[in-house]
Amino acid sequence: MTDEDNSLEAATAALTAAREALHVARRNLSAAIVVAYQCGEPAARIAERTGKDVIEIRNLLAATGAAHRT
C-alpha cells in the first residue's frame, strides 16, 4: 500500500471515531436535559442554556417520558 492508501483508511477510522463520540455526547446531553427538567428547570431555560429550540427540548422530554414531572 502507498501512503495515500493509508491516509484514506486513517481518515475513515477518524470519521468512525468522531461519529461514535458524537453519539455519546448527544446521549449525555439528553440525559443532562432530563435531569435539569426533573430538578425543576423550565424547558425554556434549558433551551436557552443549550442553544436549542424549546420545541426540540419538549420533544426530547416527551420522547424520554420526562415531560410530566412527578
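Everything below is about the structure shown above.
A quick note: this is a predicted structure, and the numbers were derived from the prediction, not measured.

Mapped onto the fold, Glu41 is located in the loop between helix 1 (3–38) and helix 2 (43–50). Polar contacts involving the side chain of Glu41 include one to the side chain of Arg49, which spans 2.8 Å.

The next subject is the nonpolar core. Ranked by size, the top nonpolar core spans 11 residues in total: Ile33, Val34, Ala36, Tyr37, Ala43, Ile46, Ala47, Ile57, Leu60, Leu61 and Ala66. Among the secondary structure elements, those contributing two or more residues to this core are helix 1, helix 2 and helix 3 (54–64). If one sorts the elements of this core by residue count, helix 1 sits on top with four residues. Excluding residues that lie within four positions of it along the chain, Ile33 makes contacts with Ile46, Thr50, Ile57, Leu60 and Leu61.

Below, the discussion takes up the pattern of salt bridges. Considering all chains together, one arrives at three salt bridges under this definition. Between Glu48 and Arg45 there is a salt bridge, and its shortest N-O distance comes to 3.4 Å. Of this pair, Glu48 and Arg45 both sit in helix 2, three residues apart, roughly one helical turn. Under the relative-accessibility criterion, Glu48 is labelled exposed at 58%.

Time to look at the packing of helix 2 against helix 3. The geometry of helix 2 relative to helix 3 is characterised by a closest axis approach of 8 Å and an angle of 115 degrees between their N-to-C directions. As for how helix 2 packs across helix 3, the hand of that crossing is right-handed. Residue-level contacts link Ala43, Ala44, Ile46, Ala47 and Thr50 of helix 2 to Val54, Ile57, Arg58 and Leu61 of helix 3. Among the residues making up the contact of helix 2 with helix 3, the classes are represented as seven nonpolar, one polar and one charged.

Parameters and conventions
- Residues numbered from 1 in each chain as written.
- Predicted model: local features only at pLDDT ≥ 70, side-chain atom pairs only at ≥ 80, totals over all residues.
- Heavy atoms only, no water.
- Helix = DSSP H or I, 4+ residues; strand = E, 2+ residues; numbered from the N terminus.
- Polar contact = N/O pair within 3.5 Å; in protein donor to acceptor, adjacent residues only side chain to side chain.
- Core = buried A, V, L, I, M, F, W, Y, C linked by side-chain atoms within 4.5 Å.
- Buried < 20%, exposed > 50% of the residue type's maximum accessible area, 1.4 Å probe, protein only.
- Contact = heavy atoms within 4.5 Å.
- Salt bridge = Lys/Arg side-chain N within 4 Å of Asp/Glu carboxyl O.
- Axes fitted to C-alpha atoms, helices over the stretch in contact; angles between N-to-C directions.
- Left-handed = near helix turned anticlockwise from the far one by under 90°.
- Nonpolar A, V, L, I, M, F, W, Y, C, P; charged D, E, K, R; others polar.

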